[in-house]
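Fold and geometry: a report
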Amino acid sequence: MIHILVFLLGCTLVRGELYKFSDAYIDQINREANTWTAGRNFPANLSEEYLRQFLIADAKYFDQSDRPLPGDRKTYDPEYSATVPDRFDAREQWPNCGTIGHVPDTGACAAPHIFAAVGAFSDRRCIKSKGQQNRPLSTEYVASCCKICRYDDNKSCSHGSVFRTWNFLHKRGSVTGGDYGDRTGCQPSTISPCSHHGSAPTLPSCENQKVPKLKCHTRCTNPTYGRGFFQDKHRTTLTYWVDDNEDAIKKEILAHGPTTATFALYDDFYHYKSGVYKHTSNAKLENYLHSGKLIGWGTENGTPYWLVINTWGPHWGDRGTVKILRGKYECAFEYLIAAGKPKN
């Protein structure tokens, strides 16, 4: 499927104005889409500058995504040999692991690859320990310390590679750390969630937020945490691309828990509200690959889907989640599924 991805990434977006956030475009989507419903997640006056600062990568980075080479992929996991169910939701399978259902908000730190990978690793660590290790791992530590994860070395909150992030979790790992304001773990987040032009009225506006300049610490920044930094480190034993077929992906999730999913981003995706997403014929491709956390699958009104947790907060889409057409390489999905196994 390499030629599919190359084709998608070779497309460009040329528009004089942001018609993609207009009411007319949303109406056009709803006239064509028959498996999903579009609605307003972001305001009509969203600027391209705002979009590329807080939500997606600058176009100059679109061709720098790591991709698997022949032989890089892992076959289905032999640890899972039972019948694969028609429907699966990791939140229901492992209810003692609350990190699975957590919807991250990248706020003013547009690094979805880090939020997705650290979230999936937190889930897998909890699952492996049968719910005993249920503290979330620190996105702050990875975002501040992983220079290879970024496309822009000068910005700690920069878009980058989800696979390099998994590699960092293998080589350096992460310490524990909760969300902004919860003061749990070794390095809790200092990145505050924010409201994208009124999407979450109870939060401060993202327009008034500066992109965080995070500092890499090799100590616990939480003074009340009773464990040392190096004793709190958690790593993966290996990192790998999952085979790009449905059965392999399902068995990987059944055996070990959520994975990361990286996929092509069309401009109608911003308006997803419910149903099974499939890009419409007039949708334009953004020059960027987006990342989320893959937690399950199923079928809705006869249409198969993958269940993904996005990184734009719980006020986007279906309470922060999206169902994406399964089995058809929609948005080059299935092709870029990555994971790692917890070491401890």
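The present account deals with the structure reproduced in this document. Since this is a predicted model, take the numbers as computed values, not measurements.

Details of unusual backbone geometry
- Phi angles above zero are rare outside glycine, and R183 is one such case at about 55 degrees.
- Its place among the elements puts R183 in the loop between α7 (162–171) and β4 (236–242).
- Although it is not a glycine, Y329 sits at a positive phi angle of roughly 55 degrees.
- Mapped onto the elements of the fold, Y329 is located in the loop between β9 (321–325) and β10 (337–342).

Here we look at the pattern of salt bridges
- Within this structure, the stated rule accounts for 17 salt bridges.
- Here E252 ties to K74 by a salt bridge, and the two come within 3.1 Å at their closest N and O atoms. Of this pair, E252 sits in helix α8 (residues 246–256) while K74 sits in strand β2 (residues 73–74), placing them 178 residues apart in sequence. Taken as a pair, E252 and K74 share a single burial class, namely buried.
- One salt bridge connects E300 with K323, and the closest N-O pair in it is separated by 2.6 Å. A residue pair is termed long-range when its members are at least 10 positions apart, and E300 in strand β7 (residues 285–300) and K323 in strand β9 qualify at 23 residues.
- The class of E300 is partly exposed, set by a relative accessible area of 23%.
- Relative accessible area serves as the criterion here: at 16%, K323 is assigned to the buried category.
- Each of K20, E48, R52 and E286 takes part in one network of salt bridges that share partners.

Quick notes on the state of the cysteines
- Taken as a whole and judged by the stated rule, the model has six disulfides.
- Here C145 connects covalently by a disulfide to C216, the sulfurs 2.0 Å from one another. On the sign convention where negative means left-handed, the S-S torsion of about 100 degrees between C145 and C216 marks this disulfide as right-handed. Remark: C216 occurs in the loop between α7 and β4 and C145 occurs in helix α6 (residues 139–145); sequence separation between them is 71 residues.
- Each sulfur in the disulfide pair C194 and C206 lies 2.0 Å from the other. Taking the sign of the torsion about the S-S bond as the criterion, the disulfide between C194 and C206, at about 95 degrees, is right-handed. One end of the pair, C194, is in the loop between α7 and β4; the other, C206, is in the loop between α7 and β4, with 12 residues separating them in the sequence. Of the two residues examined, C194 and C206, each falls in the buried class.
- Cysteine pairing for the chain (bonded cysteines numbered in sequence order): 1-3, 2-7, 4-11, 5-6, 8-12, 9-10.

Regarding the nonpolar core
- Membership of the largest hydrophobic core comes to 97 residues, with the highest contact counts inside it found for F269, L294, W312 and F333.
- Of all the elements, helix α5 (residues 112–128) adds the most residues to this core, at eight residues.
- Setting aside chain neighbours within four positions, we find F269 in contact with F263, Y277, H290, N310, W312, W316, V322 and I324.

A few points about the pairing of β7
- In terms of burial, β7 is a largely internal element, 14 of the 16 residues being buried.
- Summarising the sheet, strand β3 (residues 88–89) and β7 pair through two bridges and their orientation is antiparallel. Counterpart to D89 in the pairing with β7 is G296.
- As paired elements, strand β5 (residues 259–266) and β7 share seven bridges and run antiparallel to each other. What sits directly across from Y266, in β7, is L285.

Cut-off values and rules
Residues numbered from 1 in each chain as written. Predicted model: local features only at pLDDT ≥ 70, side-chain atom pairs only at ≥ 80, totals over all residues. Heavy atoms only, no water. Helix = DSSP H or I, 4+ residues; strand = E, 2+ residues; numbered from the N terminus. Salt bridge = Lys/Arg side-chain N within 4 Å of Asp/Glu carboxyl O. Buried < 20%, exposed > 50% of the residue type's maximum accessible area, 1.4 Å probe, protein only. Disulfide = S-S within 2.5 Å. Core = buried A, V, L, I, M, F, W, Y, C linked by side-chain atoms within 4.5 Å. Contact = heavy atoms within 4.5 Å. Pairing = 2+ DSSP bridges.

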